[in-house]
Structures are given as structure tokens and as C-alpha cells.
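Below are the chains, spelled out letter by letter.
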Amino acid sequence: MIHVSGQHSTSWLRGMLIHDPPKLATQARPSWRTALGILVCVRVLIACVMIISDCDEVYNYWEPVHLLSASTTPKAFETWEYAPQYAIRSWAYIALHAIVPGSLAHLPSYVSFYALRIVLAIASSFADAFLYERVAQFVHVRIARYMLVFLVACAGMHSASVALLPSSMVMYTTSVGMAYAMQPASMAASRRTYRATAAFAFGALCSGWPYALVLAVPFVLEELCGAPLGRRLARGCSAALLSALCVGVPTVLIDSLAYGRPTLVALQTILYNVASRARGIGPELYGVEPTSYYFVALALGFSVAAPMALVSLPMLALAARYLPSRIAGSAVQLGLRLAPLYLWLAVLFVQPHKEERFLYAAYPLVCFAAAVTLYLVRAFLESAYLRFTRSPYRASRTMLFSAVTLVPLLAAAVLGVLRTSALILYYRAPIDIMHALPNEAGTLCYAGEWHRFPSHFFVPPQVRVEFVESAFRGILPHHFRRGNASDPLWPWAAYTRTSPTHVNDRNAHEPDRYVALSQCSWLVDTHADDTWEPLMCRPFVDNEASRLAAQTGPLPAKIRATVARALYVPGWDDSLVWRSYCLLRRRA
């Protein structure tokens, strides 16, 4: 359904932060239900085919969810972060997501995997559709339309919306919190205060990501600025206290039950990420990346939308100077809605340890900021056209402005599809081969490919998964061990309260993680000797070898190979280095 305004009424503009000249104004846009339907259709499809991009998603989240939802004896892997002596992961987050697979425990476990992914896709769609609706109501209709295209089409949104990661949960709650924050603050807008605060608090506390509250700083500043300061401060404190009671207390109770002692995971996380550096440990043990890392990640995830998002604040400053009639004194308010993206990027850029998933929390804000820039580019063109022709009527009839905005929107959509297609076609083999695993007793082994294990949701109940030694010398996960603890309020206490002995927070190698290759019934690898025969093999891009290959040869070949690594261009994939990713069975 499309909402269309009357030609002569502009009363609907009064509540918006940005105003068009009457002849150029529009109210036409997809309805909230239409936007939701488009988002759900796209993301449910993505949920069924998208790869798992990060081994942390498997071992830190899918595996604990499997522990809580398994109908048979749990065989899930545990990372050192869940060991009670460290306790830097929230079981409240895991318990919330275990509800769906737990209710489907009578079905094959891979069905539960996809069911949970579909639920995540639907939840993210509701959050982003709500953000779209509020942007249309309080900022500008065209900005909402442009943002919807980016939300639907960009590859970054495809990956983040269906990932089982705290950063994805924060992304959902950021969309909801920012949706409420789009309404200008006032003493009459108490619903804005309480609901936005609850959304930001839920994402930060339940996910175990307390630093996500940085995204709420501009909202808090806007809430506290203005008279009467005392009443605003009292309302803000009341909203924060209520959110802490409704979200923080249940989270702490669940985590304390799981670990068997009073536990503040948010505090533990902060201490690990900040205070532990004095002891020479911290996230940097797992790799450091240059500053350019996040620029590349944003470019791959959002293509043309990424640079537009990064220049949104400078564009707003120019618009406040040269288009004052459109901004109408609301430049500061709009700037406060763009500021969370910049704050989040500032926090991430100064950290030596960088991962793409850390960006997920601000992905909807990338779409919003890019949409603001695109609208302002159009506004500058409209202003120049009016100044040149002095004819609002001609300006309202020309297709120039629509063409200018259509080009980047189409580019974002096409590049988003090509990027998502590349991820699925190049890297889905680790999931696909698991469907050939026999439902019989035996041991499935991983060596150098341990980081691509897609979780126990794809492993039949009779199969045990183990590691064999490879060149990797960091710490590997271990199986949850059953202890003697019991608690009627937490049925998994025997597993979650047992402190493993051979774990460390220094990423140091633990030799007890391995079994002998002779104990393996099946092996996942890209090569093997005559001892093994393939049950199923799927083509898989060797990214590192492809990157090295792209550095040789003439310039056109380098460009072709570099583009092919990032995007699926039919006919160009022959410039990549392909491997056979195989599930192997020991020969009789």
C-alpha cells in the first residue's frame, strides 16, 4: 500500500525535522505493513541460505544454545569465556534464544537452526520497519524511502539480520531505540523517554554488551537539554531505573543461576576488555587490524551507501548553512540522530582488535545516515535548479532529481545482491556437506578447518565431534563437562557451573583438545590421503590464495580477480582459486 498526500495540504509536514518547498513536497511512500512485508520476505530467504561468517558465532552462541535445547545428552563445545572462573558471556542471552530450538527438540536439529534464524530475521524486520515508519513521521518521507532500500538490499544487513550474535541483538534494539528517539524530545513526550531507554538498556544488558550504551549518548543529551532541567533529569533517572529493574535484574538472576554465584556479566566483560590489558591479556590476543579494516568492511557491506553515510554530518552542516529553509532550525536535532553512528565508529576505530561483527550494532544507522546524505544531495540540486529556472512548477515536473537519487539506490541494490551471492556461492560448502553425514555412531573430526564447523545443530545425535592436531596453536573449545551441581531452577547447572581445568584467557595452546586421527570415522578437510574417500565435496573459494593470485599478472587481470573476490560476477569466478571442501569417510 502507498500513502499519498493531497496536492495542496502540507499540514503533515509540521512534525518533521526537514521541510521541502510546497511544490516539491511529497507524502508518497510504502506503508509500514508493506515495508515489513518486503523486509520479512527478503530476510527469511536470507536466513535459509546465508553462511555463518564467524567461528565466534558458532562456538560462543550456537553451541551454548544447543546445550540448552538438546533433547539428548549434550555434546556442545564450550569456550573459555563461559568457564565460571571467567564468566564473560551472558547465559540470559543464550536462554532467550534457546526457547525456539528447545520447543522444536523433537525435530531434526538443523530444523531448529533454521527456525531460530527465521525468528531472528522476522525480529530484525519488525525493528527496521518500525525505524522506517518513525523516520517517515518525524524526519522526512524521502529519507525513509531511501533508507528502506538500503535496509532491504545491502549485503551488510543481510548478514547481520540473521546472525546469532550480541551485536545483532544490539542492532535490533538500536533500531527500536532510535525509532523512538526520532521524535523530538519534550516534556510531553514521556513515552519516547521510557521506551527508547528500555530498548537501549535491553540490547546492552541482555546481550552482555554494556558498551553498546554509547549509542544512546546523543539521545540522553537531547533528553536532558532544555527546560525544566530538574523534571527532565528526574524523568530520565526514572526511565533508567525502571529499565535496570525490568532488564538488568532478570539478566543478573539468570546469569547467577547459570554460573552458581552472583555474577555481573556486564562488569566482567568491561574488566576483561579494559582492565585486563594491564596483565598483558585482552582481545588483541586474537588479532589486530589496521584502521582501513572497518572502511573495507563498510564498503563490502554497503557499497555506495558507506561513503554517503560517513559524510552525512558534513553534508548536514553544509545544508544548515546553505539550505536553512529546509532544515528550519532543526540541524542540531538531526545531528543528534546522526551522531550515534560516528560515536560507535570512533569507539571501534581506536581498538586494535577489529571484527566486522562489531559494526553490526550500527548497521541501521549506516542506512539512515546514507539516506540523509542522498536526500541532501537532491535538496542541493533542487535548490540550484530553482535558483536557475525560478520556476517551482518546472522543478516539480522534471525527472532530473528522481534520476539522480535512483542511480545510487539501484547501485546499492545491485551491488548488495552481488555481494550476498558471492558469500553464499563461495563459502556455503561447510554447511552443505553436513547433510551427507550418516546418522550412525562415530567420530567426526576437524583439523585445520575447525573454524568452519557449523555447530552441533548439523550433527546427528549419535556422532561425536572432535579435533585433530593442525598448525593452529591458539586455544580451541572443549566439550561441556558434566559436574555434580544441580538446581531445579536451572536444569543445566551440571554443565554451566562446572569449572574446566585446562582453559586460559591468554589464547594459549591446550594440548588436551585433540584425538588421534585413527579415532576418526569422518574428516572434514580440503585434502586427504588415500586413507579417506569423499562422501560429499562442494566447491569452496580459498580466499587467501585468491588474494595472492590477484596480486600477480597484468592490471586488468588484477582488477578482475579483486572484483570477483568481493562480488559474484557471472563468468569472472574463474579468476579465483577454488578448493574442494569435502566430508571424507575412512576407507574400509
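Note that this is a predicted model, so its numbers are computed, not measured. Every chain is numbered on its own, with residues counted from 1 as its sequence reads. Note on the predicted model: pLDDT of at least 70 is required for a residue's local features to be given, and 80 or more for side-chain atom pairs to be given and counted; whole-chain, interface and lining totals, by contrast, use all residues. With hydrogens and water excluded, all non-hydrogen atoms of the structure serve as input to the side-chain values.

Draft legend 1. Region of interest: the overall build of the protein chain. Helix and strand assignments follow DSSP, with helices taken as H or I runs no shorter than four residues and strands as E runs no shorter than two, numbered in order from the N terminus. Summing up its helical and strand segments, the protein chain has 23 helices and 9 strands in all. Compactness check: the protein chain gives a C-alpha radius of gyration of 26 Å against a globular reference of 25 Å for 588 residues, within 12% of the reference. Here the C-alpha coordinates of the protein chain stretch approximately 85 × 65 × 45 Å along the principal axes. When accessible area is computed with a 1.4 Å probe and restricted to protein chains, residues below 20% of their type maximum are described as buried, those above 50% as exposed, and intermediate ones as partly exposed. Counting every position in the protein chain, which comprises 588 residues, the buried fraction comes to 53%. Each radius of gyration reported is based on C-alpha atoms, and the globular scaling rule is 2.2 Å times the count of residues to the power 0.38.

Draft legend 2. View of the sheet that holds strand β8 (residues 532-541). If you walk across this open sheet you meet the 5 strands as β5-β4-β7-β9-β8, and the pairing is mixed. Across the chains shown, the open sheet's two edge strands, defined by having one partner strand only, are β5 (463-467) and β8. Neighbour-to-neighbour, the strand axes of the sheet open up by a mean angle of 20°, direction not taken into account. With 9 bridges joining them, β8 and strand β9 (residues 578-586) adopt antiparallel strand pairing. Bridge assignment links Cys537 to a residue of β9, and that residue is Cys582. By definition, residues are in contact when any of their heavy atoms lie within 4.5 Å. All axes here are fitted lines through C-alpha atoms, helices being fitted over the stretch that makes contact, and every angle between N-to-C directions spans 0 to 180 degrees. This element, helix α19 (residues 400-427), spans β8 and β9 of the sheet and lies at about 160° to β8. In this description, strands pair whenever DSSP reports at least two bridges between them.

Draft legend 3. Main features of helix α11 (residues 265-273). Along α11, the residues classified as buried are Val265, Thr269, Tyr272 and Asn273. Angularly, the buried residues of α11 cover 90° about the axis, an arc narrow enough to put them on a single face. Looking at the buried residues of α11, the elements they touch are α10 (229-259). It is the directions from the helix axis to the C-beta atoms whose arc is reported.

Draft legend 4. Just the state of the cysteines, in detail. Pairs of cysteine sulfur atoms within 2.5 Å are what we label disulfides. For the structure shown, the criterion picks out 2 disulfides. Here Cys445 connects covalently by a disulfide to Cys520, the sulfurs 1.9 Å from one another. Given an S-S torsion of about -90°, the disulfide between Cys445 and Cys520 has left-handed geometry. With Cys445 in strand β4 (residues 442-446) and Cys520 in the loop between α21 (493-496) and β7 (522-525), this residue pair connects regions lying 75 residues apart in the sequence. The exposure classification of Cys445 matches that of Cys520, with both residues buried. The connectivity of the disulfide-linked cysteines in the protein chain, indexed sequentially, is 1-2, 3-4. Its sulfur unpaired, Cys154 is 5.2 Å from the next cysteine sulfur, which belongs to Cys367. Judged by relative accessible area, Cys154 falls into the buried class, the value being 1%. No disulfide involves Cys237; its nearest neighbouring cysteine sulfur is the one of Cys225, lying 14 Å away. The class of Cys237 is partly exposed, set by a relative accessible area of 47%.

Draft legend 5. Geometry of the nonpolar core. What makes a nonpolar core is a set of buried Ala, Val, Leu, Ile, Met, Phe, Trp, Tyr and Cys residues whose side-chain atoms join them at distances within 4.5 Å. Trp91, Phe150, Phe302, Phe368, Leu444 and Tyr446 are the most contacted members of the largest nonpolar core, which totals 151 residues. Apart from the residues lying within four places of it in its own chain, the contact partners of Tyr446 are Met434, Phe453, Pro454, Val465, Glu466, Phe467, Val468, Val524 and Tyr581. Judged by nonpolar contacts, the second largest core, of 9 residues, contains Ala447, Val468, Leu523 and Trp532.

Draft legend 6. Here's a closer look at helix α5 (residues 141-153). Across its 13 residues, α5 extends 19 Å between first and last C-alpha, which sits within 8% of the 18 Å expected from 1.5 Å per residue. Most of α5 sits out of view: 11 of its 13 residues are buried. Along α5, the positions that sit buried rather than exposed are Val141, Arg142, Ile143, Ala144, Tyr146, Met147, Leu148, Phe150, Leu151, Val152 and Ala153. An expected span of 1.5 Å times one less than the residue number is assigned to each helix.

Draft legend 7. Representation of a nonpolar patch on the surface within the structure. Think of a patch as exposed residues, more than 30% relative accessible area, with no salt bridge, where like charges cluster within 9 Å and nonpolar side chains (Val, Leu, Ile, Met, Phe, Trp, Tyr) cluster within 5 Å. Residue-level accessible areas treat just the shown protein chains as cover; the underlying method is Shrake-Rupley with a 1.4 Å probe. Salt bridges are identified by distance alone: a Lys or Arg side-chain nitrogen within 4 Å of an Asp or Glu carboxyl oxygen. Nonpolar side chains collect at one region of the surface, where Leu241, Leu245, Val249 and Leu253 lie side by side and expose about 380 Å² of accessible area between them. With respect to the element layout, Leu241 can be found in helix α10.

Draft legend 8. Structural view of unusual backbone geometry. Phi angles above zero are rare outside glycine, and Ala87 is one such case at about 50°. Relative to the helices and strands, Ala87 resides in the loop between β3 (77-78) and α3 (91-103). With relative accessibility at 0%, the residue Ala87 sits in the buried group. We note that Ser303 has phi near 45°; this positive angle belongs to a residue other than glycine.

Draft legend 9. Region of the structure containing the packing of aromatic side chains. Within 6.5 Å between ring centres, the rings of Phe, Tyr and Trp (the latter by its six-membered ring) count as paired, and their orientation is classed by plane angle as stacked under 30 degrees, edge-to-face over 60, tilted in between. Taken as a whole, this structure holds 37 aromatic pairs when the rule is applied. Ring geometry for Phe302 versus Tyr363: centroids 4.7 Å apart, planes at 80°, classification edge-to-face. Remark: Tyr363 occurs in helix α17 (residues 363-389) and Phe302 occurs in helix α12 (residues 292-302); sequence separation between them is 61 residues. One exposure class covers both Phe302 and Tyr363, and it is buried. Ring geometry for Tyr360 against Tyr363: centres 5.2 Å apart, planes inclined by 50°, an arrangement best described as tilted. Residue classification places Tyr360 among the buried residues on the basis of a relative accessible area of 4%. On the basis of relative accessibility, which here comes to 0%, the residue Tyr363 falls in the buried class.

Draft legend 10. Representation of the side chain of Ser159 in the model. Note that Ser159 resides in helix α6 (residues 155-161). Beyond its immediate sequence surroundings of up to four residues, Ser159 is in contact with Met50, Tyr360 and Leu423.

Draft legend 11. Structural view of the pairing of β7. Residues Trp522 and Val524 point to one face of β7 and Leu523 and Asp525 to the other, with burial holding for every one of them. Note that β4 and β7 share 3 bridges and pair parallel. Bridge pairing in β7 places Cys445 opposite Leu523. Judged from the 4 bridges that link them, β7 and β9 form a sheet pairing that is antiparallel. Its bridge partner being in β9, Leu523 is matched across the sheet by Leu584.

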